[in-house]
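The primary structure of each chain is shown beneath.
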Amino acid sequence: MTTSGGSRLGWYVRRAARMTPAEAAWRVRDQALRAAWSGKQVTRAHSGGPLPAGWCPRRLDVVLPPAAAGQVPSPARAALLAAASRLMLGSWEVLGVPRTDLAGPDWFWDPVTGRRSPSQRCAFRINPRSPEQAGDVKQVWELSRLQHLTVLAAAWFLTHDEVYARRVADQLRSWWQQNPFLSGVHWTSGIEIGLRLISMTWIRRLLSEWPGAGDLFEGNDLAVRQIHWHQSYLAAFPSRGSSANNHVIAEAAGQLVASCAFPWFPESGRWRRDASRRLERELLANTFPSGIGRELASGYHCFVAELGLVAAAEARASGHPLADASLRRLRAMADGAAGLLDAKSRPPRQGDSDEGRALLLDDPSANCWLSLLALGGGLFGRLGWWPRATPDVRATLVAALTGEWRDEGADRPARRPWRFRDAGITLLRTAAAGEPEIWCRCDGGPHGYLRIAAHAHADALSVEVRHGGVDILADPGASCYHGDPAWRAYFRSSVAHNTLEIGGRSQSRDGGPFLWLSHANSREIEVVDTGDIASWTAEHDGYHSLRPPARHRRTVRLDRVARSVEIADVVLGGSHEVRLALHLGPDVQVELDGTSAFLRWPGPAAPGTGQLRLPPELSWSLHRGETDPILGWYAPALGQRIPTFALIGRGRTTPRQVLRTQLQLAYSTTTANRAFTPPAVSPGRSSALMPVRRWT
């Protein structure tokens with residue numbers, strides 16, 4: 001989103017147009033309430049005011065058993081302590097940006113832009129979306145989730161080394177002192193407040209045997225105020241309407257965890273009941289019965305499942321378990337996550353992802369999906385077809401807190417699912433022993449969740465193809481959320497995905513960084529698996545406003561014997577200009593020769609090779625790392641982008657013309673020593689020849 005006042009006003013107008021009358025009325029009330037609450041702001045000079053009326057702090061009732069530390073597997077323990085040692089030296093990576101200042105962090109500094117977010121202004125007068133005011137606010141918010149401190153607290157729990165506990169105590173006091181109620185940017189987002197409550201709860205639990213824990217928490221007036229302020233905010237300002245996505249799950253989870261662990265206040269019982277009901281309702285609303293997240297953004301499936309499991313564990317341990325329907329949905333989310341992973345335990349890259357975690361007690365570089373399966377398996381029991389997920393620190397400690405919740409009568413899939421009909425996700429894959437897996441995700445589901453579909457991309461009918469876990473046809477991911485509107489728009493666009501663009505625009509209409517003004521509606525037409533052949537056909541109506549109106553129909557066919565993937569595209573409805581995009585993974589090198597592209601990528605023993613036979617009806621060009629216009633990029637994670645190759649076919653279709661692409665995959669030792677000629681890349685402003693590196 002651009003930063004001019006007029007552009008911001010336009011965004012708000014477009015955003016308001018996506019609200020129902022009921023939501024618009026609620027938002028008017030919400031703004032009035034915020035104006036009224038502005039008078040409750042606490043400044044640093046007055047942060048020692050009266051304590052909440054009727055408060056009665058006490059030690060945590062639910063603590064970890066003393067034997068839990070010894071139950072943590074040695075590899076998980078070693079990885080955690082290595083991460084904690086780096087943290088003690090000040091080293092930490094925040095959304096792709098290495099930082100070395102974590103020994104004494106500035107809670108308001110954005111290392112990307114060099115700006116400091118407002119620290120003393122009333123939160124209701126700060127626009128966190130404005131780079132001029134807040135810089136890259138995701139960078140600022142992320143550190144204040146205090147998840148680096150849960151890592152250090154876990155290190156103390158495993159070692160009882162005093163240095164970890166003292167560092168946690170010093171930084172907690174620093175954060176509490178510098179962020180009094182409603183002062184500064186850290187009081188502008190409910191999701192951040194909810195996640196902080198989870199972190200503070202587990203810090204107190206992990207430090208239960210540390211002699212200074214009582215003075216840090218229940219004996220500390222500032223800590224008591226902060227825990228009350230956080231819960232008061234969430235009770236007053238919950239996300240609703242078209243914003244009730246993963247944010248409302250995090251808010252409800254944080255409120256439930258804190259009200260169970262710290263029942264210190266007269267409102268605690270009401271907060272707990274309200275949060276429990278909200279979490280139960282929103283878990284069902286935010287996920288399909290299959291367990292797949294309705295946002296259809298893979299990273300948020302993992303995030304929401306973690307939030308639900310951590311909150312459910314806290315509620316169960318405190319004697320206030322969630323309803324059975326919620327537990328069944330959480331089981332389905334764990335089983336669904338296991339079904340989505342490829343042979344290397346990598347998830348799809350569909351939609352947005354910020355690598356959000358509900359509770360971090362392990363090395364943050366570990367595979368978060370396997371960590372989710374370790375957590376879910378420890379609580380529900382793992383199924384035989386699940387990928388192997390070794391218990392980590394978090395899974396071990398949460399299971400020690402609550403015990404296993406196994407339900408022998410639960411209806412769980414006996415085999416690995418490959419089709420999630422309600423979500424429109426179909427996985428065509430091979431399973432031949434001794435050969436690299438071919439994994440192909442086909443997207444024929446809804447555009448996203450709710451009217452704004454905040455974390456969706458314009459990726460209808462797109463495919464991802466992997467060979468032995470290596471991205472061959474790759475989804476671009478998401479490189480940024482705030483502060484860089486051109487890059488944000490590109491990574492969400494249709495031409496950035498392996499799909500067909502018609503009429504020079506994306507299938508769904510982009511209204512801003514987290515806003516879609518129209519949604520392409522997809523439907524699966526036929527899905528068949530006969531053993532040797534698996535095929536999928538779907539179509540979408542995202543181009544119905546063109547003249548003449550157009551529909552895109554695609555068939556994907558996996559031949560397991562020939563080890564090939566064929567993609568057939570048809571435009572139904574007149575003649576149109578099209579661009580067919582095929583984005584190659586960052587490990588893939590390519591030579592383009594007319595309508596043939598020869599692919600090569602590293603393998604564990606010898607290079608993998610493949611060939612793309614491209615539709616001759618289109619004119620093909622090769623692109624990499626271009627900036628004018630942006631084309632040929634891949635985001636390994638939020639905050640990062642690297643150049644990668646993209647094949648773009650341009651032309652004009654005739655009615656019902658079939659554009660046929662064939663990807664032939666091989667894994668051969670005969671090409672191991674073949675010289676590779678660097679491909680020609682289209683002219684213009686391009687960084688195709690620069691070394692691969694992180695871009696922020």
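Treat the numbers as computed from the prediction; the structure is a model and nothing was measured.

Q: Got a minute to help me understand the overall build of the protein in this structure?
A: Scanning the protein for helices and strands turns up 18 helices and 25 strands. Here the C-alpha radius of gyration of the protein, 26 Å, is about what a compact globule of 696 residues would show, namely 26 Å. Considered along the principal axes of its C-alpha atoms, the protein spans approximately 75 × 55 × 50 Å. Evaluated residue by residue, the protein yields a buried proportion of 62% over its 696 residues. If you take every contact in the protein between residues at least 6 apart in sequence, the share linking residues at least 24 apart comes to 74%. For the protein, the computed accessible surface area is about 25,200 Å², with 52% contributed by carbon and sulfur atoms. Charged side chains in the protein number 82 positive and 66 negative. The centres of these two groups are separated by 4 Å.

Q: How should the packing of helix α9 (residues 190-206) against helix α11 (residues 221-236) be read in this particular structure?
A: How two helices sit against one another is set out by the angle between their axes and by the gap between those axes. Relative to each other, α9 and α11 sit at 140 degrees, their axes nearing to 10 Å. In this view, α9 runs oblique relative to α11, as classed from their interaxial angle. As for the relative orientation of α9 and α11, their crossing is left-handed in sense. For the pair α9 and α11, contact is made by Gly190, Ile193, Gly194, Arg196, Leu197 and Met200 and by Ile227, His230, Gln231, Tyr233 and Leu234, respectively.

Q: Teacher, can you tell me more about the sheet that holds strand β5 (residues 438-443) here?
A: Each strand in a sheet pairs with its neighbour through backbone hydrogen bonds, running either in the same direction (parallel) or in the opposite one (antiparallel). Across the sheet, which stays open at both edges, the 5 strands sit in the order β3-β4-β5-β6-β7 with antiparallel pairing between neighbours. The sheet is open, and its two borders are formed by β3 (419-420) and β7 (470-473), each paired with just one other strand. Sheet topology note: the strand β6 (residues 463-467)/β7 ladder contains 3 bridges and is antiparallel. What sits directly across from Val465, in β7, is Leu473. Where helix α15 (residues 324-340) meets the sheet, its contacts fall on β3, β4 (425-429) and β5, and the angle it forms with β4 comes to roughly 40 degrees.

Q: How do you make sense of the environment of Ser345 when you look at a structure like this?
A: Considering the arrangement of structural elements, one finds Ser345 in the loop between α15 and α16 (368-380). Considered as a pair, Ser345 and Arg388 are 43 residues apart in the sequence and their alpha carbons are 8.9 Å apart. With residues near it in sequence (within four places) discarded, Ser345 still touches Asn367, Leu370 and Pro387.

Q: Teacher, can you tell me more about the nonpolar core here?
A: One broad rule of soluble globular proteins: the nonpolar side chains tend to lie buried together. Judged by nonpolar contacts, the single largest core of 151 residues is most densely connected at Leu172, Trp202, Leu207 and Leu397. Ranked by the residues each element gives to this core, the list is headed by helix α14 (residues 298-317), at 12 residues. Every residue in contact with Leu397, bar those within four places of it in the chain, is listed here: Leu64, Ala68, Val72, Phe157, Trp202, Leu206 and Leu361. In terms of nonpolar packing, the next biggest core, distinct from the first, is built from 43 residues, Val556, Val565, Val588 and Trp620 among them.

Q: What should I look at first to understand the sheet that holds strand β24 (residues 645-652) in this one?
A: Sheet architecture is open: 4 strands sit in the order β8-β15-β24-β19, paired in antiparallel fashion. Both edges of this open sheet fall to β8 (500-502) and β19 (619-624), since each of them pairs with a single strand only. Averaged over all pairs of adjacent strands, the angle between their axes in this sheet comes to 25 degrees, without regard to strand direction.

Q: Sorry if this is basic, but what is going on with the pairing of strand β13 (residues 550-559) here?
A: Within a regular beta strand, the side chains point alternately toward one face of the sheet and then the other, so they alternate between its two faces. Of the strand pairs in this sheet, strand β12 (residues 533-543) and β13 are connected by 9 bridges, and their pairing is antiparallel. Opposite Thr537, over in β13, you have Thr555 as the bridge partner. Hairpin connection between β12 and β13: a loop of 6 residues separates the two successive antiparallel strands. Here β13 runs beside strand β14 (residues 564-572); their pairing, made up of 9 bridges, is antiparallel. Note that in β14 the partner of Leu558 across the bridge is Val565. In this antiparallel pair of consecutive strands, β13 and β14, the connection spans 4 residues, and Arg563 shows a positive phi of 55 degrees.

Q: I'm lost on the side chain of Asn220 in this one. Help?
A: Counting through the fold element by element, Asn220 comes out in the loop between α10 (213-216) and α11. Judged by its relative accessible area of 13%, Asn220 falls in the buried class. In this structure Asn220 touches Arg173, Trp176, Gly214 and Asp215, once residues within four positions along its chain are discounted.

Q: Honestly, the environment of Gln231 in this entry has me stumped. Any pointers?
A: Residue placement: Gln231 occurs in helix α11. Take Gln231: its relative accessible area is 0%, and that puts it in the buried class. Residues in contact with Gln231, not counting those within four places in the same chain, are Leu197, Gln255, Ala258, Ser259, Phe265 and Trp271.

Rules used in this analysis
- Residues numbered from 1 in each chain as written.
- Predicted model: local features only at pLDDT ≥ 70, side-chain atom pairs only at ≥ 80, totals over all residues.
- Heavy atoms only, no water.
- Helix = DSSP H or I, 4+ residues; strand = E, 2+ residues; numbered from the N terminus.
- Rg over C-alpha atoms; globule rule 2.2 N^0.38 Å.
- Buried < 20%, exposed > 50% of the residue type's maximum accessible area, 1.4 Å probe, protein only.
- Contact = heavy atoms within 4.5 Å.
- Areas by Shrake-Rupley, 256 points an atom, 1.4 Å probe, with all protein chains shown as cover.
- Lys, Arg positive; Asp, Glu negative; His and termini not counted.
- Charge placed at Lys NZ, Arg CZ, Asp CG, Glu CD.
- Axes fitted to C-alpha atoms, helices over the stretch in contact; angles between N-to-C directions.
- Parallel < 35°, antiparallel > 145°, perpendicular 65-115°, else oblique.
- Left-handed = near helix turned anticlockwise from the far one by under 90°.
- Pairing = 2+ DSSP bridges.
- Core = buried A, V, L, I, M, F, W, Y, C linked by side-chain atoms within 4.5 Å.

Everything listed here is a matter of coordinates, which is why it stays silent on function.
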